[in-house]
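# Analysis of the macromolecular model
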Amino acid sequence: MKQRYALVVIAMSVLLVACGKQEAPAESPDATAGSSGGNSAAEQAALQIQGEYMRGIVAEISDDRYEGRGPGSRGDALARNYLAAQMEAMGLQPGAADGSWEQPFELVGLNTAQPDTWTFNGHGKSVQLKQWDQYIVGAGVQKERAEFTDAEVVFVGYGIQAPEFDWDDYKGVDIAGKVVLIMNNDPDWDPELFAGETRLWYGRWDYKYLTAARQGAVGALIIHTTASAGYPFQVVQTSGTGVQFELPAGDEARSQLTGWIAEGATRDLVAMAGMDLDELREAAFNRDFKPVALGITTSLRMDVEVERVQSANILGLIPGSDPELKGEVVIFTAHHDHLGIGKPNEDGDAIYNGAMDNSTGVAQVMAIAKAMQALPEAPRRSILVALVGAEEQGLLGSEYYAANPTFAPGKIAANINYDGGNIWGHTHDVTYIGFGKSSIDQIANMIADEQGRTVKPDQFADKGYFYRSDQFSFAKIGVPAMYLKTGTDFIVRPPEWGREQQNHFTQVNYHQPSDEYDPNWNFTGMEDDALLGFWTGLAIANADEMPSWNPGDEFEAARLIALDATD
Ligand SMILES: [Zn+2]
């Protein structure tokens, strides 16, 4: 009952905000003015969301001068300074706890000397794998040496332990001191099991590493296939070499080594044991699967350069106008970092500019901030603009914020995240990653409808995008979240055109030096998507009740704990 009432209240607040477009209040201009700050005034403020403004930000921070904005680098600091200055210029208030723009955090950088070859012995044979083409590994510990000797190799299927699905690939088998081979993704053939084709956290490499470490594995290798990863091995190569950053280690279990092994190389190893990879995988589709020891051992010793660097989240605040609700907040996020300088491509370009990923997201959030700031009266709840760092290294900046939030988790009404904008023009639809999970859906639906657009859930659900950008850090502490991405149905284009563009971008430019700003990029779609986030965030900030997860959602329990803690 209570929930239903809350929804009606939210819906009304949305209508109040979103219907202003048609109903120009000619006779009684103040009739609808109120908590929303007045519709026509909000419409006026929304005009601040301009493609050309976003273009300027994208062109700036993806320029070679920013050196790809690798965490802790000169370019990273340059981008942070630029963005803080932009926030200051638009009139935001510094949002960090100490009254500054930056929420600093320490990162531990690990540069692992990956051996050129890696030997596996067993069954009277020996196989040597080649680094780069066949494996990409790194230290799992924050120490100057990662090593193990004569570790047994064990195939552990998906490497998942999920009591709610009655699934445990480890089955209590002793994994201590072993190297595990793990299939990527999660079971996807049954809608009742791991949400069918939708990838859950269980299907992500970070979950698999963590679980293997908890079993005592000294090494965890994910078997790469393009289908199960959602990207080619090339992305593993470019993302998995050079300095890898982490938050400083706590007392959690860690393996000596984590990494990826190419499918063909795995096939060779398994064949050495007289087995067949396809048969092993077939067995792993079953609940009754048990880890399979291959009768192969391996040793590895890697030197690791350990460095400690500082990066920061940039936080800008618009304090709420309601004396009671200003202690609650809607947080807009986009990550400002990218991969920095890395291995040169064929053209000798070594700067990973990250123009699409994620200058475009930063630009959309900055445009939204500008519009929020232009409201004659601030929304009832506060608005926090959080441009987070070190996302590419595993959502580290947002994870740090979630562990050290400037508003208690139970006071964070919602997170609206942008990562990778629409560079191709107007769409009939918009992708909302996280759709179907919370009551934000109703608001986004109504506002998209007002735009003459439709909201679609993740069109590539098997790729697990919900767990691959910063909203995941917020969801883990219970905050309902929406991650807006480009639609697929482009105006005056053939139906498949949008998917083709996006797939092409993933194959050719994603996490490559060629993710560069192109003056031909069309920012009209980004205007639409930023407007959707603006109106949705405004409605949430002005509603009587905060959004909630749908009953039974994987993050509902975390929300209840967070709300309890702030009561
Ligand atoms: Zn990104």
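All of the points below concern the structure found in this document. Within each chain, residues carry numbers counting from 1 in the order of the written sequence. Owing to the predicted nature of the model, reporting of local features is limited to residues with pLDDT of at least 70; listing and counting of side-chain atom pairs is limited to 80 or more, with chain, interface and lining totals taken over all residues. Side-chain numbers here rest on the full set of heavy atoms in the structure, without hydrogens or water.

## What to know about the overall build of the chain
Across its full length, the chain holds 16 helices and 21 strands. Our radius of gyration is a C-alpha quantity, and the globule rule it is checked against amounts to 2.2 Å times the number of residues to the power 0.38. Over its C-alpha atoms the chain spans a radius of gyration of 24 Å, differing by no more than 12% from the 24 Å that the globule rule assigns to 567 residues. Along the first, second and third principal axes, the C-alpha atoms of the chain reach 90 × 55 × 50 Å. At a minimum sequence separation of 6, the contacts of the chain that also span at least 24 residues come to 82%. Each accessible area value is a Shrake-Rupley result obtained with a 1.4 Å probe; residue values ignore everything except the protein chains displayed when judging cover. As displayed, the chain has an accessible area near 22200 Å², and 49% of this comes from carbon and sulfur atoms. Helix numbering and strand numbering both begin at the N terminus, where a helix is a DSSP run of H or I of at least 4 residues and a strand a DSSP run of E of at least 2. In this analysis, two residues are considered to be in contact whenever any of their non-hydrogen atoms come within 4.5 Å of each other.

## With respect to the nonpolar core
To define a nonpolar core, start from buried Ala, Val, Leu, Ile, Met, Phe, Trp, Tyr and Cys residues and group those joined through side-chain atoms within 4.5 Å. Think of it in three bands: residues with accessible area under 20% of the maximum for their type are buried, residues over 50% are exposed, and the middle band is partly exposed, with areas taken using a 1.4 Å probe on protein chains only. Ile49, Val180, Met366, Met372, Leu387 and Phe534 are the most contacted members of the largest nonpolar core, which totals 90 residues. Dropping the residues within four chain positions of it, Val180 is found in contact with Val154, Val156, Tyr170, Ile175, Ala212, Ala217, Gly219, Ala220 and Leu221. Listed in part, the 58 residues of the second largest apolar core include Ala139, Ala146, Leu193 and Tyr202.

## Quick look at the side chain of Glu328
With respect to the helices and strands, Glu328 occurs in the loop between strand S13 (292–318) and strand S14 (329–335). The exposure class assigned to Glu328 is buried, which follows from its relative accessible area of 14%. Once residues lying within four places of it in the same chain are set aside, the contact partners of Glu328 are Arg381, Ser382, Phe407, Lys411 and Met546.

## Comments concerning the environment of Glu67
Relative to the helices and strands, Glu67 resides in the loop between helix H3 (51–61) and helix H4 (74–90). Residue classification places Glu67 among the buried residues on the basis of a relative accessible area of 17%. Remark: the alpha-carbon pair of Glu67 and Tyr352, spanning 285 residues in sequence, is separated by 7.3 Å. Those residues within four positions of Glu67 in sequence are excluded, and the remaining contacts are Arg74, Gly75, Gly340, Ile341 and Ile351.

## Looking at the coordination of the zinc ion
Summarising the metal site, the zinc ion is bound by the protein donors His335 (NE2), Asp357 (OD), Asp419 (OD) and Asp419 (OD), whose distances to it range over 2.0 to 2.6 Å. Around the zinc ion, the 4 donor atoms are arranged such that angles at the metal cover 54 to 147°; this shape is classified as irregular. For the zinc ion, the donor residues sit on a single chain with the sequence spacing H-x21-D-x61-D. Remark: Asp357 occurs in helix H10 (residues 355–374) and His335 occurs in strand S14; sequence separation between them is 22 residues. Asp357 shares its class with His335; the two are buried. Note that water is not among the atoms used; donors are N, O and S atoms within 2.8 Å of the metal (3.2 Å for Na, K and Ca), so sites may look incomplete. Only two sets of limits are used to name each site, 85 to 135 degrees for every angle of a tetrahedral four-donor site, and over 155 degrees for opposite donors with all other angles from 65 to 115 for a square planar four-donor or octahedral six-donor site, with any other site named irregular.

## Quick notes on the pattern of salt bridges
Within this document, salt bridges are pairs made up of a side-chain nitrogen of Lys or Arg and a carboxyl oxygen of Asp or Glu, the two lying within 4 Å of each other. Here the structure, examined in full by the defined rule, presents 24 salt bridges. When the shortest N-O distance is used, the salt bridge between Arg65 and Asp63 registers 3.7 Å. Residue Asp63 is classed as partly exposed on the basis of its relative accessible area of 32%. A salt bridge links Glu328 to Arg381; the shortest N-O distance between them is 2.6 Å. Of this pair, Glu328 sits in the loop between S13 and S14 while Arg381 sits in the loop between H10 and strand S17 (382–388), and the two are 53 residues apart along the sequence. Shared partners join several salt bridges into a network, and the residues in it are Glu263, Arg267, Asp278 and Arg281.

## Considering the packing of aromatic side chains
Between rings of Phe, Tyr and Trp, where Trp is taken as its six-membered ring, a pair exists when centres lie within 6.5 Å; planes separated by under 30 degrees are stacked, by over 60 edge-to-face, and by other angles tilted. All chains considered together, the criterion is met by 26 aromatic pairs. Here the aromatic rings of Phe155 and Phe289 are separated by 5.7 Å at their centres, their planes lie at 90°, and the arrangement is edge-to-face. A residue pair is termed long-range when its members are at least 10 positions apart, and Phe155 in strand S6 (residues 145–155) and Phe289 in the loop between helix H9 (277–284) and S13 qualify at 134 residues. With respect to burial, Phe155 and Phe289 carry one shared label: buried. Between Tyr158 and Trp189, the aromatic rings sit 6.5 Å apart at their centres with planes inclined by 40°, giving tilted as the arrangement. Taken together, the residues Tyr158 in the loop between S6 and strand S7 (161–162) and Trp189 in the loop between strand S9 (179–183) and helix H5 (205–214) connect sequence positions 31 residues apart. The class for Tyr158 is buried, based on a relative accessible area of 5%. Residue classification places Trp189 among the partly exposed residues on the basis of a relative accessible area of 43%. Through pairs of rings, three or more aromatic residues link up here, namely Phe165, Trp167, Phe194, Trp201, Tyr202, Tyr207, Phe466, Tyr467, Phe472, Trp549 and Phe555. To sit over a ring, a charge needs its Lys NZ or Arg CZ within 6 Å of the ring centre and within 35 degrees of the ring normal. Positioned above the aromatic ring of Trp132 is the side chain of Lys343, whose terminal nitrogen or guanidinium carbon lies 4.3 Å from the ring centre.

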